[in-house]
Each structure stands twice: as C-alpha cells, then as structure tokens.
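Residues per chain are reported as follows:
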Amino acid sequence: QVQLVESGGGLVQPGGSLRLSCAASGSIFSVKDMGWYRQGPGKQRELVARIRRGGTDYADAVKGRFTIGRDGATNTADLQMNSLKPEDTAVYYCNAVITEQLSLKAFTYWGRGTQVTVSS
C-alpha cells in the first residue's frame, strides 16, 4: 500500500511563513509527479503547485510567494509558503502519481490534508 502523509500546517499571521512537507511511503516503484492542492471554505479544490518531469506549475495566486521542492531520493515534496495572506487559508493536500512496485501500475494518491490558517 502507498501512503502520502502531510505535515507542517498551522496558524500563522498575515505576512508570515509556513513550510509543508509530504512524504510518500509504501510499495513504491517510482513517483512521477508530486504536488499540492488546497480547498478553502466553500471552495473547490484547486492546484497550488506541482512538480512534473517537464517542470513546475504554480497557481497565479501563489506565484512569487510559494516554492515547491522535491527530493527524489526520499519521495518527499515540500511547499515553502511566504508572505501568507488570509485568502491562503485552506486545507492543503499532497498529491502524487505513483507507480506501485507489485503491479507496476500508476495511480493518483492523495494525503489526508493539513490545515493552514492565516489570521491575525
């Protein structure tokens, strides 16, 4: 079985910073893409940032403030969030496309989410 576990959420004041981490574990053959999505109150889940083999993608709302990084050796992905705004308040979910070791089939996995609250 494959799991994605997020950590690093919390409460921060506007203008502050947080770093989220996501670790993939289990029967993994390879990890193709990793990324972060978020779902704010009353909103649909949206892409925040992701790393593909061809590069990185960022939502316009976070460009210049958030940076995604990935460690292929440890199957982890981090999201450094700076200059946080109240509108960044959401549950942040890790997402990854992972090829399982036994079946060699690729599936999309989601973490359970971590709450980020930006408030004074």
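About the criteria used
Residues numbered from 1 in each chain as written. Predicted model: local features only at pLDDT ≥ 70, side-chain atom pairs only at ≥ 80, totals over all residues. Heavy atoms only, no water. Pairing = 2+ DSSP bridges. Helix = DSSP H or I, 4+ residues; strand = E, 2+ residues; numbered from the N terminus. Axes fitted to C-alpha atoms, helices over the stretch in contact; angles between N-to-C directions. Phe/Tyr/Trp six-rings, centres within 6.5 Å; stacked < 30°, edge-to-face > 60°. Buried < 20%, exposed > 50% of the residue type's maximum accessible area, 1.4 Å probe, protein only. Lys NZ or Arg CZ within 6 Å of the ring centre and 35° of its normal. Core = buried A, V, L, I, M, F, W, Y, C linked by side-chain atoms within 4.5 Å. Contact = heavy atoms within 4.5 Å. Disulfide = S-S within 2.5 Å.

**Student:** What should I look at first to understand the sheet that holds strand 1 (residues 2-7) in this one?
**Tutor:** Backbone hydrogen bonds are what pair the strands of a sheet, in a parallel or an antiparallel way. Taking strand neighbours across the sheet as the criterion, the four strands line up as 1-3-8-7 in an open arrangement whose pairing is antiparallel. Across the chains shown, the open sheet's two edge strands, defined by having one partner strand only, are strand 1 and strand 7 (66-71). Taking each pair of neighbouring strands and ignoring which way they run, the sheet shows an average axis angle of 15°. Pairing of strand 7 with strand 8 (residues 76-81), which is carried by six bridges, proceeds in the antiparallel orientation. Following the sheet pairing, Ile 68 is matched in strand 8 by Leu 79.

**Student:** Would you take a moment to explain the packing of aromatic side chains for this structure?
**Tutor:** Remark: the centre distance and the inter-plane angle together describe each pair of aromatic rings, the angle taken between the planes. For the structure on display, the rule yields one aromatic pair. Arranged with centres 5.0 Å apart and planes meeting at 65°, the rings of Tyr 37 and Trp 110 form a pair that is edge-to-face. In this pair, Tyr 37 is assigned in strand 4 (residues 28-39) and Trp 110 in strand 10 (residues 106-110), connecting sequence segments 73 residues apart. Exposure remark for Tyr 37: the relative accessible area of 17% places this residue in the buried category. Here Arg 45 stacks its cationic end above the ring of Tyr 93, 3.7 Å away from the centre of that ring. Across the ring face of Trp 110, the terminal group of Arg 45 is positioned such that the distance to the ring centre comes to 4.6 Å.

**Student:** Please clarify how unusual backbone geometry should be interpreted in this entry.
**Tutor:** Outside of glycine, negative phi angles account for most residues, and trans bonds account for most peptide bonds. Within the chain, Asn 75 stands out as a residue other than glycine whose phi angle is a positive 55°. Mapped onto the elements of the fold, Asn 75 is located in the loop between strand 7 and strand 8. Here Leu 104, not a glycine, exhibits a phi torsion of approximately 60°, which is positive. Residue placement: Leu 104 occurs in the loop between strand 9 (90-100) and strand 10.

**Student:** Which parts of the structure should I look at to understand the nonpolar core?
**Tutor:** Trp 36, Leu 79, Met 81, Tyr 92 and Ile 98 are the most contacted members of the largest nonpolar core, which totals 30 residues. Breaking this core down by element, the ones donating at least two residues are strand 1, strand 3 (18-26), strand 4, strand 5 (46-52), strand 7, strand 8, strand 9 and strand 11 (114-118). For this core, the leading source of residues is strand 9, giving five residues. Each residue touching Leu 79, except ones within four places of it in the same chain, is listed here: Leu 18, Arg 19, Leu 20, Trp 36, Val 48, Ala 49, Phe 66, Thr 67, Ile 68 and Tyr 92.

**Student:** Just checking my understanding: could you explain the state of the cysteines for this structure?
**Tutor:** Working definition of a disulfide: a covalent bond connecting the sulfur atoms of two cysteines. In this structure the tally under the stated criterion is one disulfide. Disulfide pairing places Cys 22 opposite Cys 94 at an S-S distance of 2.0 Å. Handedness of the Cys 22-Cys 94 disulfide follows from its S-S torsion of about -80°: it is left-handed. Pair noted here: Cys 22 is in strand 3 and Cys 94 is in strand 9, with a separation of 72 residues, a long-range link. A residue is classified by how much of its surface remains accessible, and Cys 94, at 0% relative accessible area, is buried.

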